[in-house]
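For reference, the chains in residue letters:
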Protein chains: 2
Amino acid sequence: MASSGFRHDVFEAIADPTRRKILHLLAEREMSIAAITECFSLSRTAVNKHLQFLSDAGLVISQKAGRETRYQLQPEPLVELKLWLAFFEHYWDEKLSALKKFIESDQND
Amino acid sequence: MASSGFRHDVFEAIADPTRRKILHLLAEREMSIAAITECFSLSRTAVNKHLQFLSDAGLVISQKAGRETRYQLQPEPLVELKLWLAFFEHYWDEKLSALKKFIESDQND
DNA sequence: AACTTATGACACCTTCTGGTGTCATATTAA
DNA sequence: TTAATATGACACCAGAAGGTGTCATAAGTT
């Protein structure tokens, strides 16, 4: 599956608002660590740690380009989140359909 | 919107596997703290803390029933997660990635 | 009344998080 | 060559997370 060998999973990765913002930035375009850091009022070290965390979760990949390290979004692990949510959507559907049936039968009477 | 006044948000709440399991349990049926605790090899105190955390995030509500405190799932805050994911699904759509196909085939099953 | 059950409220402990700063090194620019 | 840039690798720190246990109390049971 997607979560083998990683110290951190997707659920932990997206728990932090800074990391969520980084993912949004990387969705737009690939960026260097310095460029990402400029979007926050945080030290480069802090941003780097978040990038390591995201990399651990498989949500980003890094690639050296000269003296820069460019980061890129890797959205695949979000599927796990999607599937997890799907379970509860199913739960909602059941509750809603029960309500819908009740309303419909009420209208039919 | 949904996240005003809460110390913890949905993203933090679902970051822990124990809390995710609790949500799954409560999706099936409303349960007392003791009943939930029996499903884990954890102390009641630990489980209670997780329930407080989930309550803080608005994902569960408690209700006294005699000497028991029964907990119930409150799935509405998960909508925030759904919307967040939707952003990346849109991104995937634009990129026409293979991931989109995977998700769609999963939904069709 | 005496006992058991279900919780709430604490105090305490260890590890992880999220942040800082400094120093060394590789790469590009002057 | 020298200077500036971009990053990696540490050490360090305060506070939160996730766990434990104990004690007090409210609510059923016998």
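Before going into details, it helps to say that this report is about the structure given with it. (Residues numbered from 1 in each chain as written. Chains lettered and ligands numbered in written order. Predicted model: local features only at pLDDT ≥ 70, side-chain atom pairs only at ≥ 80, totals over all residues. Heavy atoms only, no water.)

## A few points about the overall build of chain A
Then comes step 1: Broken down by element type, chain A carries five helices and three strands.
Then comes step 2: Secondary structure of chain A in N-to-C order comes out as α-α-β-α-α-β-β-α.
Then comes step 3: Burial analysis of chain A (109 residues in total) assigns 41% to the buried set.
Then comes step 4: Partitioning the intrachain contacts of chain A with sequence separation of at least 6 by distance along the chain shows that 54% fall at a separation of at least 24. (Helix = DSSP H or I, 4+ residues; strand = E, 2+ residues; numbered from the N terminus. Buried < 20%, exposed > 50% of the residue type's maximum accessible area, 1.4 Å probe, protein only. Contact = heavy atoms within 4.5 Å.)

## Brief notes about the protein's contact with DNA strand C
Then comes step 1: Taken together, 20 residues surround DNA strand C, and among them S43, T45, K49 and H50 of chain A together with A34 of chain B come closest.
Then comes step 2: What you see for DNA strand C is that sugar and phosphate hold 58% of its atoms within 4 Å of the protein.
Then comes step 3: At a separation of 3.2 Å, a phosphate oxygen of DNA strand C approaches a polar side-chain atom of D16 of chain A.
Then comes step 4: The separation between a base oxygen of DNA strand C and a polar side-chain atom of T45 of chain A is 3.1 Å.
Then comes step 5: Element by element, the count of residues in the surface near DNA strand C is highest for helix α4 (residues 44-56) of chain A, at four residues.
Then comes step 6: Looking at the surface near DNA strand C, its residues break down into four nonpolar, nine polar and seven charged. (Near = heavy atom within 4 Å. Polar contact = N/O pair within 3.5 Å; in protein donor to acceptor, adjacent residues only side chain to side chain. Nonpolar A, V, L, I, M, F, W, Y, C, P; charged D, E, K, R; others polar.)

## Notes on the relation of the copies chain A and chain B
Mapping between the two copies of the chain is achieved by a rotation about an axis and a shift along the axis.
Then comes step 1: Superposing chain A onto chain B takes a rotation of 180 degrees combined with a translation of 0.0 Å along the rotation axis, leaving an RMSD of 0.1 Å. The two molecules are tied by a two-fold rotation axis, judged by turn and shift. Among all residues of chain A, the minimum C-alpha distance to the rotation axis is found for A15 of chain A, at 3.0 Å. (Least-squares fit on C-alpha atoms with pLDDT ≥ 70 in both.)

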